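Now for the letters of each chain:
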Amino acid sequence: MEQLEGYREICDEEIYHSIDELILQTGIDFYIRLSERNELRRELFNSVRRLDILQELIDDDGVTEIMVNGTEGIFFERDGKLRRWEKNFHSRERLEDIAQQIVGRCNRIVNESVPIVDARLENGARVNIVMPPVALNGPVITIRRFPDSPIRMEQLIRWNTVSQEAVDFLKTLVRSGYNIFISGGTGSGKTTFMNALSHYIPKDERVITIEDNAELQIQGVANLVRMEARNANTEGEKAITIRDLIKSSLRMRPDRILIGEIRSSEAIDLLQALNTGHDGSISTGHANSPEDMLSRIETMVLMGMEIPLPAVRRQIASGIDVIVHLGRLRDKSRKVLQILEILGYDNLSGEIRTQTLYEFEEEGEDECGRIIGSLKPKAELSKRYKLARAGYG
């Protein structure tokens, strides 16, 4: 680092050249095996140019989650199982440097006054960073790694995440302009499923994506606009929220709006978009069931505006057509557990009427403990006017 300090800009080849010279000089006094030389070369380059010891996990296609608990340990998830890594950061200062390096590339800030930030890596991985004094055991970094190439529905069918029949049904709904909401718990595969579902959007439409951190990988849509929220600066000003982006998107002549996730009062702006002619829009949210998701949307709307609950429920019933709920089962597999149709608002009971179209039914376990089951059809779609309008009868 001292040798490279005087350079403002330096290419990867020059860094490798400096590392090779350093290893060569060290090898005069100390015997270093070839395997150790190659390992040293890679680790030194990662510490200078990339994310130090984390780079090895980030480059591993089998790793889906990386959790750095300060200097007290690094854990990662592979094949749905958490494991502890043998490597570790021995210095809080080095870990803080890595955190600053990550947020700096996203033009974001993290420090004692702004100790919590969401960011992303160049490969699209989602990053959450919590710094002291909020994090008591040093900087905490959580990285959600996504596949380098978007997962298609064909792969999800092979993994038994969803059935071919349900995919054909959802494909028709997307092309017909049904508003679809994807719900599920943390790590249930909502973003992956939304990416796969977006492949069925007609390629001649104008699509706008809105996210806290850009994660969606929409393929094949030429008229695509991607927008990302921005945190406030150190003075707590000039933040660009999801609400701001939704309002702006309505003036950008979108055919469809795809919102990565709703967490708060932006739910009311989403419903307004769904109820003002932007058919075929898709969004996601955290919930334990489709019914819980409806309740959460109600709560989020009321966080942004004080309006009567019946009015909120009418907006939800009118705006959302179908909820697809995903979950992780006890064998760590991800499944589409339920597809629910929103039938409308019941004036007598004051509730949103729904019916289950598909539901996952467990049939047992195999000898390896994997859950056996299938997504079974339960009812026919009732609201068919969009299908008829799109020519599907």
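Quick note: structure is the one above.
Residues numbered from 1 in each chain as written. Predicted model: local features only at pLDDT ≥ 70, side-chain atom pairs only at ≥ 80, totals over all residues. Heavy atoms only, no water.

Let us now look at the nonpolar core. With 38 residues, the main nonpolar core has Met-153, Val-162, Phe-193, Leu-197, Val-324 and Ile-339 as its most contacted residues. Here this core gets six residues from one element, more than from any other, and that element is helix 6 (residues 164-176). Among all residues touching Met-153, those that are not within four sequence positions of it are Val-162, Val-167, Phe-193, Ala-196, Leu-197 and Tyr-200. Ile-208, Leu-271, Ile-320 and Ile-352 belong to the second largest nonpolar core, which has 33 residues in total. (Core = buried A, V, L, I, M, F, W, Y, C linked by side-chain atoms within 4.5 Å. Buried < 20%, exposed > 50% of the residue type's maximum accessible area, 1.4 Å probe, protein only. Helix = DSSP H or I, 4+ residues; strand = E, 2+ residues; numbered from the N terminus. Contact = heavy atoms within 4.5 Å.)

Under the defined criterion, the tally for this structure stands at 25 salt bridges. Two residues, Arg-126 and Glu-215, come together in a salt bridge whose shortest N-O distance is 2.4 Å. Pair noted here: Arg-126 is in strand 5 (residues 126-130) and Glu-215 is in the loop between strand 8 (207-211) and strand 9 (224-228), with a separation of 89 residues, a long-range link. A relative accessible area of 22% places Arg-126 in the partly exposed class. Among the salt bridges present, the one from Asp-255 reaches Arg-253, with a minimum N-O distance of 2.9 Å. Judged by relative accessible area, Arg-253 falls into the exposed class, the value being 56%. Here the salt bridges do not stand alone but share partners, grouping Asp-279, Asp-321, Lys-383, Lys-386 and Arg-389 into one network. (Salt bridge = Lys/Arg side-chain N within 4 Å of Asp/Glu carboxyl O.)

In an α-helix there are 3.6 residues to a turn, and that puts residues three or four apart on one side. With 13 residues, helix 6 extends 18 Å between its outermost C-alpha atoms, agreeing within 8% with the 18 Å of an ideal straight helix rising 1.5 Å per residue. At the exit of helix 6 stands Gly-177, carrying a positive phi of roughly 90°. (Expected span 1.5 Å × (residues − 1).)

Another point: the packing of aromatic side chains. Centre-to-centre distance and the angle between the planes together describe a pair of aromatic rings. Under the criterion given, the structure shown has one aromatic pair. When the ring of Phe-169 is compared with that of Tyr-358, the centres are 5.6 Å apart and the planes differ by 45°; the resulting orientation is tilted. One end of the pair, Phe-169, is in helix 6; the other, Tyr-358, is in strand 14 (residues 352-365), and 189 residues separate them in sequence. Given the relative accessible area of 7%, Tyr-358 is considered buried. Directly above the aromatic system of Tyr-178 lies the positively charged group of Lys-386, at a separation of 5.6 Å from the ring centroid. (Phe/Tyr/Trp six-rings, centres within 6.5 Å; stacked < 30°, edge-to-face > 60°. Lys NZ or Arg CZ within 6 Å of the ring centre and 35° of its normal.)

Where strand 14 lies against strand 15 (residues 371-377), seven bridges are found, and the strand directions are antiparallel. Looking at the pairing, Glu-365 lines up with Ile-371 of strand 15. Remark: five residues form the turn of the hairpin made by strand 14 and strand 15, two consecutive strands paired antiparallel; Gly-369 in that turn has positive phi of roughly 85°. (Pairing = 2+ DSSP bridges.)

Next up on the list: the sheet that holds strand 15. In any sheet, the strands associate via hydrogen bonds between backbone groups, in a parallel or an antiparallel arrangement. Pairing within the open sheet is mixed, and its nine strands lie in the order 9-8-10-11-7-12-13-14-15. Two strands bound the open sheet, and with one partner strand each, they are strand 9 and strand 15. Going across the sheet, the axis of each strand differs from the next one's by a mean of 20°, ignoring polarity. The pairing of strand 7 (residues 180-184) with strand 11 (residues 282-286) spans five bridges and is classified as parallel. Bridge pairing in strand 11 places Ile-180 opposite Ile-282. Of the strands in this sheet, strand 7, strand 11, strand 12 (322-328), strand 13 (334-345) and strand 14 touch helix 10 (residues 290-304), which is tilted by about 60° from strand 13. (Axes fitted to C-alpha atoms, helices over the stretch in contact; angles between N-to-C directions.)

All right, on to the environment of Glu-362 then. The topology assignment puts Glu-362 in strand 14. Separated by 25 residues in sequence, Glu-362 and Leu-337 place their C-alpha atoms 10.0 Å apart. Not counting residues within four places of it along the chain, the set of residues in contact with Glu-362 comprises Arg-330, Ile-371, Ile-372 and Gly-373. Of the polar contacts made by the side chain of Glu-362, one reaches the side chain of Arg-330; its length is 2.4 Å. (Polar contact = N/O pair within 3.5 Å; in protein donor to acceptor, adjacent residues only side chain to side chain.)

A separate point is the pairing of strand 11. Across the five residues of strand 11, four count as buried, placing the element largely inside the fold. Two strands pair when backbone bridges link them, and strand 10 (residues 256-259) and strand 11 are joined in this way by two bridges, in the parallel orientation. Across the sheet, residue Ile-259 finds its bridge partner in strand 11, namely Ser-283. Considered for its hand, the β-α-β crossover made up of strand 10, helix 9 (residues 266-274) and strand 11 is right-handed. (Right-handed = clockwise from strand over helix to strand, strands pointing away.)

Its location among the elements puts Arg-206 in the loop between helix 7 (190-198) and strand 8. Separated by 2.8 Å, the side chains of Arg-206 and Asn-223 make a polar contact. Aside from chain neighbours lying at most four places away, what touches Arg-206 is Asn-223, Val-225, Met-252, Arg-253, Pro-254, Asp-255 and Arg-256.

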